Amino acid sequence: MQDALPYEESPDILVVGAGPAGLAAAEVASATGLSVWVVDQKPSFGRKFLMAGKSGLNLTKAEPVARLIKAVEPPAGQIESALRAFDASAVQAWAEALGVPVFTGSSGRVFPKVMKASPLLRALLMRLEKQNVRMFNRWRWDGGLQNGLRFETPEGAVLVHPKATVFALGGASWARLGSDGKWSAHLPSTPFKPSNMGFEVNWSPFMKAHFGSAIKNVRLCVGDKSWRGEFVISPIGVEGGGIYEASTALREKMRESGAVLTLDLFPDIAQSKIEDRLSALRGKMSGASFLRKTLKLTGARAALVREIMGQAMPLNAALAPHLKALPLHLTKPMPIDQAISTAGGVPLVELDDTLMFRNHPGFFAAGEMLDWEAPTGGYLITTCLATGRLAGQSAALWVSANSDS
């Protein structure tokens, strides 16, 4: 391995990782007047953030902070403190202050009016530039803590000796965007697991015509837990918001034989009402016509029922309980690199209330690299921003308190 040489200078605070958490940490730390650097291993900054906003950047969920906190698992004091200090209202005010107006959809989800992530990222990077934050790309952390942080850079291996360091290195999904989890070789870490991911299903050729179709307004049940939502039938399984919300419960139940997701295709209609409708005389109608006329059961929804029930599918009142509890057998989670986020990472017990490593004074961690998980819908980005800000504020306070030591 090439010897690393001390870099020409070192900052008061070094932020490693330029995703939402790292940039938030840099923003609040540099606002104190301390010198701050941000380094990232990729050629450009905020790559996963930009990908998250590709189909509409869901910044936060407009709901009370108690509900934001409840969405995060496992419960942790540091996460609660971070969210209380930077809740959904604060996220919206922050975006507006950056010149990016937001709006709240009917579901309570908050988006920039332009929908994209790029204007917000550009505005934040401009703010960091005005606050004299220095930015370095293509710097990969290669280990080292108390004796200097070693980086492989385009100019060769270097050592940096900041007064404090905030790690915001991400989880282990979407490695091509920078979240590869390789940092876990150098810091305390629990194994990574996929979160907010789809699941594979062994579809028969019959379902091919319905790949890409959305199944809307269903209740998804795992054990005694249930969620209202929708999902998409893909060539290898199922994915989408409803599946992501149930993914943690499904992952924990998953065994070699897979898991069962129970679907209520008519969550707003009582089973007795469905039985009444299916008791109508069928006459000479085909099965498809009968289901369309009595229940408006057509397209991908009808195909899903036929796929699961096969030849045993009755066309009378006996079908009603199956439509209210349709068992979809899942074989395994989709690969971790395709997951929206990950569980696992730095255990929160390794950190104090300020997100500083208990065994490494002056070193802090934030964002998805911490061992927590939350559903999509704005919770992920909000928690990354909130923990990033807490770590950045804590690092600045720590440097100020130790500046004479």
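Structure: see above.
A. Representation of the overall build of the protein chain. A tally of helices and strands in the protein chain yields 12 helices and 21 strands. Principal-axis analysis of the C-alpha atoms places the extent of the protein chain at approximately 90 × 45 × 35 Å. In the protein chain, the proportion of contacts linking residues at least 24 apart, taken out of those at least 6 apart, comes to 70%. Here the protein chain displays about 18,400 Å² of accessible surface, and carbon together with sulfur accounts for 52% of that area.

B. Structural detail: the packing of aromatic side chains. All told, the structure shown has 8 aromatic pairs when counted by the stated rule. Pairing Phe-167 with Phe-363 gives two aromatic rings, centres 6.2 Å apart and planes at 15 degrees, and the pair type is stacked. Placement of Phe-167 in strand β11 (residues 164-167) and of Phe-363 in strand β21 (residues 363-365) is noted, with a sequence separation of 196 residues between them. Phe-167 sits in the buried class, given a relative accessible area of 0%. For Phe-363, a relative accessible area of 6% gives the class buried. An angle of 85 degrees between the planes, with centres 5.7 Å apart, marks the rings of Trp-183 and Phe-192 as edge-to-face. With a relative accessible area of 5%, Trp-183 lands in the buried category. An aromatic cluster of three or more residues is present, and its members are Trp-37, Phe-136, Trp-139 and Phe-151.

C. Expanded view of the side chain of Arg-301. Here Arg-301 lies in helix α10 (residues 299-309). This buried residue, Arg-301, is left without a salt bridge; Asp-264 holds the nearest opposite charge, at 7.3 Å. Only 2.5 Å separates the side chain of Arg-301 from the backbone oxygen of Lys-216, close enough to count as a polar contact. Once you skip the residues sitting within four places of it in the chain, Arg-301 turns out to touch Ile-215, Lys-216, Asn-217, Val-218 and Leu-265.

D. Region of the structure containing the nonpolar core. Counting residues in hydrophobic clusters, the biggest one holds 85 residues, and the most contacted among them are Ile-13, Trp-141, Phe-151 and Phe-167. With 11 residues, the top contributor of residues to this core is helix α12 (residues 379-401). Formed by 43 residues, the second largest nonpolar core is a distinct cluster that contains Met-197, Val-222, Ile-233 and Ala-303.

E. Focus on α10. Of all 11 residues that make up α10, 8 are buried, and the element is covered over most of its length. Every buried residue of α10 is listed here: Ala-300, Arg-301, Ala-302, Ala-303, Leu-304, Val-305, Glu-307 and Met-309. On its buried face, α10 is in contact with β14 (214-222), β15 (225-234), β17 (259-264), α11 (320-324) and β18 (326-330). Where α10 ends, the next residue or the one after it, Gly-310, has phi of about 60 degrees, a positive value.

F. Structural context of the sheet that holds strand β5 (residues 102-104). Within the open sheet, the 3 strands sit side by side as β4-β6-β5. Their pairing is antiparallel. With one partner strand each, in any of the chains shown, β4 (60-61) and β5 form the two edges of the open sheet. In the sheet, β5 pairs with strand β6 (residues 109-112) via 3 bridges, with the strands oriented antiparallel. The residue bridging Val-102 from the neighbouring strand is Pro-112, located in β6.

G. Inspection of the environment of Gly-56 at higher detail. Within the secondary structure layout, Gly-56 lies in the loop between α2 (47-52) and β4. Once the C-alpha coordinates of Gly-56 and Asp-352 are considered, the two residues, 296 residues apart in sequence, prove to be 35 Å apart. Contact partners of Gly-56, with chain neighbours within four places excluded, come to Phe-111 and Met-115.

H. Summary view of the pattern of salt bridges. In total, this model carries 17 salt bridges according to the counting rule given. Of the charged contacts, one joins Glu-9 and Arg-134 as a salt bridge, the two residues approaching to 2.8 Å between their closest N and O atoms. With Glu-9 in the loop between β1 (5-6) and β2 (13-16) and Arg-134 in strand β7 (residues 134-137), the pair connects residues that are 125 residues apart, well separated along the chain. Residue Glu-9 is classed as partly exposed on the basis of its relative accessible area, which comes to 39%.

I. A look at the sheet that holds β14. As summarised here, the arrangement of the 7 strands in space is β18-β17-β14-β15-β16-β13-β19, forming an open sheet in which the pairing is antiparallel. Looking at the sheet topology across the chains shown, the edges are occupied by β18 and β19 (332-333). When β14 meets β15, the two strands line up antiparallel, connected through 7 bridges. The residue bridging Arg-219 from the neighbouring strand is Arg-228, located in β15. Across the face of the sheet, α10 comes into contact with β14, β15, β17 and β18 while running at roughly 75 degrees to β18.

J. The arrangement of the pairing of strand β10 (residues 156-160) in detail. In terms of burial, β10 is a largely internal element, 4 of the 5 residues being buried. Bridge count between strand β9 (residues 149-153) and β10: 5 bridges; the pairing is antiparallel. When the bridges of β10 are listed, Arg-150 appears paired with Leu-159. Once β9 ends, the chain turns through 2 residues before running back antiparallel as β10.

K. Spotlight on the packing of helix α1 (residues 20-30) against α12. In the contact formed by α1 and α12, the axes pass within 7 Å of each other and the chain directions differ by 40 degrees. Taken together, α1 and α12 sit at an angle that is classed as oblique. Crossing geometry of α1 relative to α12 is assigned as right-handed. Residues Pro-20, Ala-21, Ala-24, Ala-25, Glu-27, Val-28 and Ala-29 of α1 pack against Cys-384, Leu-385, Gly-388, Arg-389, Gly-392, Gln-393 and Ala-396 of α12.

L. Representation of helix α4 (residues 77-85) within the structure. Within the sequence span of α4, burial applies to Gln-78, Ile-79, Ala-82 and Leu-83. Down the axis of α4, the buried set is contained in an arc of 125 degrees. They therefore lie on one face.

Procedures and definitions
- Residues numbered from 1 in each chain as written.
- Predicted model: local features only at pLDDT ≥ 70, side-chain atom pairs only at ≥ 80, totals over all residues.
- Heavy atoms only, no water.
- Helix = DSSP H or I, 4+ residues; strand = E, 2+ residues; numbered from the N terminus.
- Contact = heavy atoms within 4.5 Å.
- Areas by Shrake-Rupley, 256 points an atom, 1.4 Å probe, with all protein chains shown as cover.
- Phe/Tyr/Trp six-rings, centres within 6.5 Å; stacked < 30°, edge-to-face > 60°.
- Buried < 20%, exposed > 50% of the residue type's maximum accessible area, 1.4 Å probe, protein only.
- Lys, Arg positive; Asp, Glu negative; His and termini not counted.
- Salt bridge = Lys/Arg side-chain N within 4 Å of Asp/Glu carboxyl O.
- Polar contact = N/O pair within 3.5 Å; in protein donor to acceptor, adjacent residues only side chain to side chain.
- Core = buried A, V, L, I, M, F, W, Y, C linked by side-chain atoms within 4.5 Å.
- Pairing = 2+ DSSP bridges.
- Axes fitted to C-alpha atoms, helices over the stretch in contact; angles between N-to-C directions.
- Parallel < 35°, antiparallel > 145°, perpendicular 65-115°, else oblique.
- Left-handed = near helix turned anticlockwise from the far one by under 90°.
- Arc of directions from axis to C-beta.

Any functional reading would require information that these geometric values do not contain.
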